[in-house]
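# Examining the three-dimensional arrangement
Here is what each chain is made of, one letter per residue.
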Amino acid sequence: MIKEWAYLLETSENYRLNLQAEQMEQFVLFLKLLQEWNTKMNLTAIDDDEGIIIKHFIDSLIFLKKIDIKNQWYILDLGTGAGFPGIPLKIWRPELEIVLVDSLQKRINFLREIVERLNLTKVKLIHGRAEDLAQMEDYREKFDCVVSRAVANLRVLSEYCLPFVKIGGFFAGAKGPDLKQELMDAHKAILILGGQVAEEEYYELPYLREQRSLIKIAKIKSTPKKYPRKAGMPSKKPL
Ligand code: SAH
């Protein structure tokens, strides 16, 4: 038994996640498959037991708990990579309908295996770039909530995420200690894209005592049609 599983149980208690035995088993299997696949392909730089449990699972869950997600919400995880925070979200709240997007096919292939082996339902996996998908009728301004962790700085990330959010919904980013600076740099972009900063929170990741932050941006106006710009532009020439 890996000692960090006790940390996950403790987190479940401290943050009132109410994780049950079956959900713990899903996390155990997710960890095992992540380590297995990571020997064959680059899924994540963090792949020791402690790293996966604290920096991926617990980090994702604490961020998600702070958002106060409603059961009927339609949610998108943009740039999910090996499934963070999207898969922990799905394990914790199996009733949610979620879409996981990543621009790397191999990561989507891994997630297909995860969805199958963990018996997850109501999850859609999409291989594609935010810039292209957010211009499609099916996805544009359709989500109650878009989440994203470790994909880009907030200025660029706002152009990736806000076009997916319906008016009245919001985008939530999992960030590190430099959120204040990121917010200053992203101020104009957020305004242009129809967003408004709604919440800013600073907290500590337990066990490792690292600084984390959360930014919530409300969608108050429709995003002008020209955003997001074509693939590569948001990062090359940030708004
Ligand atoms: N969210 C995960 C992965 C972070 S790595 C985590 O927190 O661990 C960033 C991921 O975003 C990569 O898997 C990369 O393929 C994806 N990505 C980067 N730019 C993207 C874009 N424009 N559209 C979709 N996915 C993107």
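Before any of the text, the structure's been laid out above.
Residues numbered from 1 in each chain as written. Predicted model: local features only at pLDDT ≥ 70, side-chain atom pairs only at ≥ 80, totals over all residues. Heavy atoms only, no water.

## Topic: helix H3 (residues 49-67)
Since there are 3.6 residues in each turn of an α-helix, residues three or four apart along the chain are aligned in direction. The line we're drawing: Secondary structure elements follow DSSP: runs of H or I no shorter than four residues count as helices, runs of E no shorter than two count as strands, and numbering proceeds from the N terminus. Each residue after the first adds 1.5 Å to the expected span of a helix. Note that bend, as reported per residue, equals the angle between axes fitted to the 7 residues terminating at that residue and the 7 residues originating from it. Under the scheme applied here, a residue whose accessible area is under 20% of the maximum for its type counts as buried, over 50% as exposed, and between as partly exposed, the area being computed with a 1.4 Å probe on protein chains only.
The end-to-end C-alpha separation of H3 is 26 Å, in line with the 27 Å expected for 19 residues at 1.5 Å each. The axis of H3 is deflected most strongly, by about 30°, at Ile 58. For H3, a buried count of 14 out of 19 residues is recorded, marking the element as mostly surrounded by other parts of the structure. Directly beyond the C-terminal end of H3, a positive phi value near 65° is found at Asp 68.

## A look at the sheet that holds strand E5 (residues 165-175)
Filter applied, for reference: Strands were regarded as paired on the criterion that DSSP finds at least two bridges between them. Axis lines are fitted through C-alpha atoms, for helices just across the contact stretch, and the angle between N-to-C directions can take any value from 0 to 180 degrees.
Taken in spatial order, the seven strands make up an open sheet running E3-E2-E1-E4-E5-E7-E6, and their pairing is mixed. Strands at the two margins of the open sheet, each flanked by one partner only, are strand E3 (123-127) and strand E6 (195-205). Averaged over all adjacent pairs, the angle separating strand axes in this sheet is 15°, with direction ignored. Note: strand E1 (residues 74-78) against strand E2 (residues 97-102), five bridges, orientation parallel.

## Describing the side chain of Ser 60
Where we set the bar: Pairing of N or O atoms within 3.5 Å defines a polar contact, subject to two protein rules: one partner must be a possible hydrogen donor and the other a possible acceptor, and residues neighboring in sequence count only if both atoms are side-chain atoms. Whether two residues are in contact is decided by their heavy atoms: any pair within 4.5 Å suffices.
Following the sequence through the fold, Ser 60 ends up in helix H3. Here His 56 takes part through its backbone oxygen, which lies 2.7 Å from a polar atom of the side chain of Ser 60. The contacts of Ser 60, once residues within four sequence positions are left out, are Phe 84, Pro 85, Pro 88 and Arg 149.

## Let's talk about the environment of Lys 124
Position of Lys 124 relative to the elements: it lies in strand E3. Note: C-alpha distance between Lys 124 and Arg 149 (25 residues apart in sequence) is 18 Å. If we skip the residues at most four places from it in the chain, Lys 124 touches Ile 98, Val 99, Leu 100 and Tyr 139. A distance of 3.4 Å separates the side chain of Lys 124 from the side chain of Tyr 139, its partner in a polar contact.

## A word on helix H5 (residues 105-117)
Between its first and last C-alpha atoms H5 spans 19 Å; for 13 residues at 1.5 Å apiece the expected length is 18 Å, and the two agree. Looking at the buried positions of H5, the neighbouring elements they touch are helix H2 (21-38), helix H4 (86-92), E2 and E3.

## As for the site of the ligand
So the rule is basically this: Residues are classed as near a molecule or strand on a simple rule: at least one heavy atom within 4 Å of it. Residue classes follow a fixed rule: Ala, Val, Leu, Ile, Met, Phe, Trp, Tyr, Cys and Pro count as nonpolar, while Asp, Glu, Lys and Arg count as charged, and any other residue, Gly among them, counts as polar.
The environment of the ligand is formed by 16 residues, the closest being Gly 79, Phe 84, Asp 102, Arg 107 and Arg 149. Within the backbone of Gly 79, an N or O atom sits 2.8 Å from a nitrogen atom of the ligand. With respect to the ligand, the side chain of Arg 149 contributes an N or O atom lying 2.6 Å from an oxygen atom. Residue classes in the shell around the ligand are distributed as six nonpolar, five polar and five charged.

## Some words on the pairing of E5
For E5, the buried fraction is high: eight of the eleven residues fall into the buried class. Of the strand pairs in this sheet, strand E4 (residues 143-149) and E5 are connected by six bridges, and their pairing is parallel. Residue pairing across strands places Cys 145 opposite Phe 170, the latter belonging to E5. The sheet contact formed by E5 and strand E7 (residues 210-219) spans six bridges and is antiparallel. When the bridges of E7 are listed, Gly 173 appears paired with Ile 215.

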